[in-house]
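# Structural overview for review
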2 protein chains.
Amino acid sequence: MHILLVEDDAQIADGLCAALALENFTVDHVATATAAEQALSLGHFDAVILDLGLPDEDGVSWLERMRRQQHDLPVLILSARDSVAQKVSGLQAGADDYLLKPFDLRELSARLHSLLRRSSGRSTHVIEHEGLMVNPSHLEVTLHGVPVNLARREMALLLAFLNNPKRILSAEYLQDALYGLGDGVESNAINVHIYNLRRKLGSSMIQTVRGLGFRLGVPDEPA
Amino acid sequence: MHILLVEDDAQIADGLCAALALENFTVDHVATATAAEQALSLGHFDAVILDLGLPDEDGVSWLERMRRQQHDLPVLILSARDSVAQKVSGLQAGADDYLLKPFDLRELSARLHSLLRRSSGRSTHVIEHEGLMVNPSHLEVTLHGVPVNLARREMALLLAFLNNPKRILSAEYLQDALYGLGDGVESNAINVHIYNLRRKLGSSMIQTVRGLGFRLGVPDEPA
DNA sequence: TGCCTTTGTTAATGCTCTGTTAATACCCAG
DNA sequence: CTGGGTATTAACAGAGCATTAACAAAGGCA
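Because the structure is predicted, anything quoted here is derived from the model rather than measured.

The next thing to look at is the overall build of chain A. Looking only at helices and strands, chain A features eight helices and 12 strands. The 223 residues of chain A split such that 47% are buried. For chain A, restricting intrachain contacts to residue pairs at least 6 apart in sequence, the fraction spanning at least 24 positions comes to 54%. Accessible area for chain A stands at about 11,200 Å²; split by element, carbon and sulfur atoms hold 51% of it.

Further remarks concern the pattern of salt bridges. Residues and elements named next belong to chain A. Tallied over the entire structure, the rule returns five salt bridges over all chains. Close ionic contact of R65 with E37 constitutes a salt bridge, the shortest N to O distance being 2.8 Å. Taken as a pair, R65 in helix α3 (residues 59–68) and E37 in helix α2 (residues 33–42) lie far apart in primary sequence, 28 residues in all. Residue R65 is classed as partly exposed on the basis of its relative accessible area of 23%. On the basis of relative accessibility, which here comes to 23%, the residue E37 falls in the partly exposed class. Notably, a salt bridge pairs K200 with E154, separated by 2.9 Å at the nearest N-O pair. Of the two residues, K200 sits in helix α8 (residues 189–201) while E154 sits in helix α6 (residues 152–163), which places them 46 residues apart along the sequence. With a relative accessible area of 32%, K200 lands in the partly exposed category. One salt-bridge network, in which partners are shared between bridges, spans E37, E57 and R65.

Let us look at the sheet that holds strand β6 (residues 127–129) of chain A. All names here are of chain A. Reading across from one edge, β6-β7-β8-β9 is the order of the four strands in this open sheet, with antiparallel pairing throughout. Two strands in the sheet have a free side with no partner beyond their single neighbour: β6 and β9 (146–149). Along the sheet, successive strands turn relative to each other by an average axial angle of 25°, direction set aside. As defined by bridge partners, strand β7 (residues 132–135) adjoins strand β8 (residues 140–143) across four bridges and the pair is classed as antiparallel.

Let us look at helix α6 (residues 152–163) of chain B. Taking 1.5 Å of rise per residue, 12 residues should cover 16 Å, and α6(B) covers 16 Å from first to last C-alpha, within 8% of that figure. Every buried residue belonging to α6(B) is among B:E154, B:M155, B:A156, B:L157, B:L158, B:L159, B:A160, B:F161 and B:L162, and all of these are buried.

Next up on the list: the UniProt feature "modified residue: 4-aspartylphosphate" (unreviewed entry) in chain A. All names here are of chain A. When the UniProt feature table is mapped onto this chain, "modified residue: 4-aspartylphosphate" (unreviewed entry) is found at D51. D51 sits in the buried class, given a relative accessible area of 4%. With residues near it in sequence (within four places) discarded, D51 still touches V6, E7, D8, L78 and K101.

Here the focus is the sheet that holds strand β10 (residues 168–169) of chain B. Either a parallel or an antiparallel arrangement is found when strands of a sheet pair, and the pairing is made through backbone hydrogen bonds. Residue and element names in this part refer to chain B. Strand order across the open sheet formed by three strands is β10-β12-β11, with antiparallel pairing between neighbours. Of all the strands in the sheet, just β10 and β11 (206–209) have a single pairing partner and so form its edges. Sitting on the sheet, helix α8 (residues 189–201) is in contact with β11 and β12 (213–216), with an inclination near 140° to β11.

A word on the packing of helix α7 (residues 171–179) of chain B against α8(B). Residue and element names in this part refer to chain B. Two elements in contact, α7 and α8, have axes separated by 10 Å at closest approach and are oriented at 85°. Here α7 is positioned roughly perpendicular relative to α8, judged by the angle of their axes. Taking contact as the criterion, the partners of A171, L174, Q175, L178 and Y179 in α7 are, on α8, A189, I190, H193 and I194. A per-class count over the contact of α7 with α8 returns seven nonpolar, two polar and no charged.

Moving on: the protein's contact with DNA strand D. Surveying the vicinity of DNA strand D reveals 18 residues, the closest of which are A:Y195, A:R198, A:R210, B:Y195 and B:R198. A:R210 places a side-chain nitrogen or oxygen 2.5 Å from a base nitrogen of DNA strand D. Elements with a minimum of two residues in the surface near DNA strand D: α8 of chain A together with α8 of chain B. Of the residues assigned to the surface near DNA strand D, the class counts are six nonpolar, eight polar and four charged.

Glancing now at the protein's contact with DNA strand C. Residues in close proximity to DNA strand C total 25 residues, the closest being A:A151, A:R153, A:Y179, A:S187 and B:A151. A share of 64% of the atoms of DNA strand C within 4 Å of the protein falls on sugar and phosphate groups. Within the side chain of A:N188, a nitrogen or oxygen atom sits 3.3 Å from a base nitrogen of DNA strand C. Contact between DNA strand C and B:H193: a phosphate oxygen at 2.9 Å from a side-chain N or O atom of the residue. Contributions of two or more residues to the surface near DNA strand C are made by α6 and α8 of chain A together with α6 and α8 of chain B. Among the residues making up the surface near DNA strand C, the classes are represented as 10 nonpolar, seven polar and eight charged.

For the rest of this paragraph, the subject is the side chain of B:E154. Owing to a relative accessible area of 7%, B:E154 belongs among the buried residues under this scheme. For B:E154, the side chain forms a polar contact with the side chain of B:K200, separated by 2.8 Å.

Of all hydrophobic cores here, the largest spans 29 residues; its most connected members are B:L132, B:V134, B:V141, B:L158, B:F161, B:L174 and B:I206. Listed by contribution, the elements that provide at least two residues to this core are β7 (132–135), β8 (140–143), α6, α7, α8 and β12 of chain B. In terms of residues, this core owes the most to one element, α6(B), which gives eight residues. With residues up to four places along the chain from it excluded, the contact list for B:L132 reads B:I127, B:V141, B:T142, B:L143, B:L158, B:L201 and B:M205. The next biggest cluster of nonpolar side chains, apart from the first, holds 28 residues, and it includes A:V141, A:L150, A:I194 and A:F214.

Glycine aside, negative phi is the norm for most residues, and most peptide bonds take the trans geometry. All names here are of chain A. Unlike most non-glycine residues, E130 shows phi in positive territory, near 50°. Here E130 is to be found in the loop between β6 and β7. The backbone of L139 sits at a positive phi, close to 55°, despite the residue not being glycine. Topologically, L139 is positioned in the loop between β7 and β8.

Cut-offs used in this document
- Residues numbered from 1 in each chain as written.
- Chains lettered and ligands numbered in written order.
- Predicted model: local features only at pLDDT ≥ 70, side-chain atom pairs only at ≥ 80, totals over all residues.
- Heavy atoms only, no water.
- Helix = DSSP H or I, 4+ residues; strand = E, 2+ residues; numbered from the N terminus.
- Buried < 20%, exposed > 50% of the residue type's maximum accessible area, 1.4 Å probe, protein only.
- Contact = heavy atoms within 4.5 Å.
- Areas by Shrake-Rupley, 256 points an atom, 1.4 Å probe, with all protein chains shown as cover.
- Salt bridge = Lys/Arg side-chain N within 4 Å of Asp/Glu carboxyl O.
- Pairing = 2+ DSSP bridges.
- Axes fitted to C-alpha atoms, helices over the stretch in contact; angles between N-to-C directions.
- Expected span 1.5 Å × (residues − 1).
- UniProt positions renumbered as here; feature names shortened; annotations may be inferred.
- Parallel < 35°, antiparallel > 145°, perpendicular 65-115°, else oblique.
- Nonpolar A, V, L, I, M, F, W, Y, C, P; charged D, E, K, R; others polar.
- Near = heavy atom within 4 Å.
- Polar contact = N/O pair within 3.5 Å; in protein donor to acceptor, adjacent residues only side chain to side chain.
- Core = buried A, V, L, I, M, F, W, Y, C linked by side-chain atoms within 4.5 Å.

Right under this line is the structure:
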């Protein structure tokens with residue numbers, strides 16, 4: 001689970017990072033609203049822990065802006081005890097939960113887990129490509145409106161292609177995408193999965209580039 | 001909106017009653033766990049505000065008892081600042097939210113509204129889904145007019161699905177819904193309950209999404 | 001209270017779907 | 001024609017889920 005921690009107090013941030021790391025969260029820490037926005041646009045996160053007292057922008061207005069930009073991931077607000085009105089407007093701005101400073105780490109953990117569970121699967125992110133509609137979090141795929149049932153590995157493979165459309169992906173790259181770096185298979189598993197994908201999605205979806213790898217869709221310029 | 005306030009401190013209770021009345025809530029105030037249980041069995045309430053420091057019974061154990069009796073209405077816990085562990089177990093016992101004393105009335109109001117919004121539709125009203133009529137407050141279920149007898153856990157499971165229609169619920173999420181945060185069972189109890197539900201409601205009601213969890217009804221059309 | 005019924009959990013077993021391997025057939029370039 | 005790369009297919013092992021039975025616990029009733 002990937003958490004974005006937005007907190008300008010270094011001491012609190014360090015403590016939180018350590019505590020969350022212990023629970024096998026992957027934590028990215030930023031200290032400003034600007035950096036937080038950048039981080040959101042660059043990578044994938046499952047939740048945000050947001051301190052309201054940021055140096056460059058008010059947390060509440062930042063949150064409102066994010067919500068307007070269709071970021072619908074769960075947000076847990078941290079705030080100082082004496083700013084109740086701010087907290088209320090925090091909830092109104094679209095926070096899913098909030099916590100008063102100083103807080104107990106166990107409590108933060110409990111609320112965070114609860115948030116993540118509540119929000120799992122609510123993501124509406126749908127990728128589209130040539131009549132193909134893909135909802136990764138639901139393992140749901142339709143081809144021209146017809147539902148297609150994909151297994152996990154097939155979905156992972158398809159996503160690897162959708163993340164790099166019209167680019168040639170080597171078998172080696174695909175192997176890393178499916179199994180993680182280093183830890184791989186020792187056979188033609190990738191080939192088999194590609195074959196199965198082609199059976200389910202039509203053989204023209206994935207093209208072979210002999211000697212190099214595979215590509216989703218047609219080449220850019222036949223020059 | 002009908003609120004049951006369980007609080008033994010007369011001063012706090014009076015303040016809360018006045019504040020909530022200002023917001024057009026109807027508040028019934030009791031000072032003991034025993035009286036609270038009576039009140040719940042006698043009348044209808046939309047939410048409970050529960051102080052943990054009651055004279056006759058621990059608030060957490062009271063809450064657990066209520067949850068076992070299928071009172072699934074939203075509960076907001078009030079508790080003293082220095083008892084964090086108690087608060088955590090309060091969440092585990094099935095509280096929907098909690099607030100530290102001393103609290104701000106505006107904050108209480110905001111959380112209460114948020115709670116009621118979240119739970120709207122799950123109380124009082126009869127829930128209908130594909131020939132299924134469910135009355136949560138009376139634990140009554142009919143399928144195409146035919147009464148179906150559900151056990152407590154089965155009802156809790158069905159409600160978890162009805163509260164999240166057409167969404168995939170992981171076994172972990174369902175476990176939390178039935179047993180509270182963290183503290184769960186160590187076997188395939190969820191699977192067995194799902195199997196039993198399917199026997200009583202028909203096997204097409206709950207679908208399996210392999211590797212992710214279960215879902216009530218058909219998937220949304222992503223198109 | 002003690003018996004009996006209902007409910008909840010555990011554990012064992014079987015079944016279906018997946019992922020990987022391996023063997024074989026195919027294809028294109030040199 | 002030949003060899004390296006790719007496609008196809010079948011078989012196997014394992015995971016995940018369904019099913020069932022047995023046991024424990026809780027609640028009703030006399």
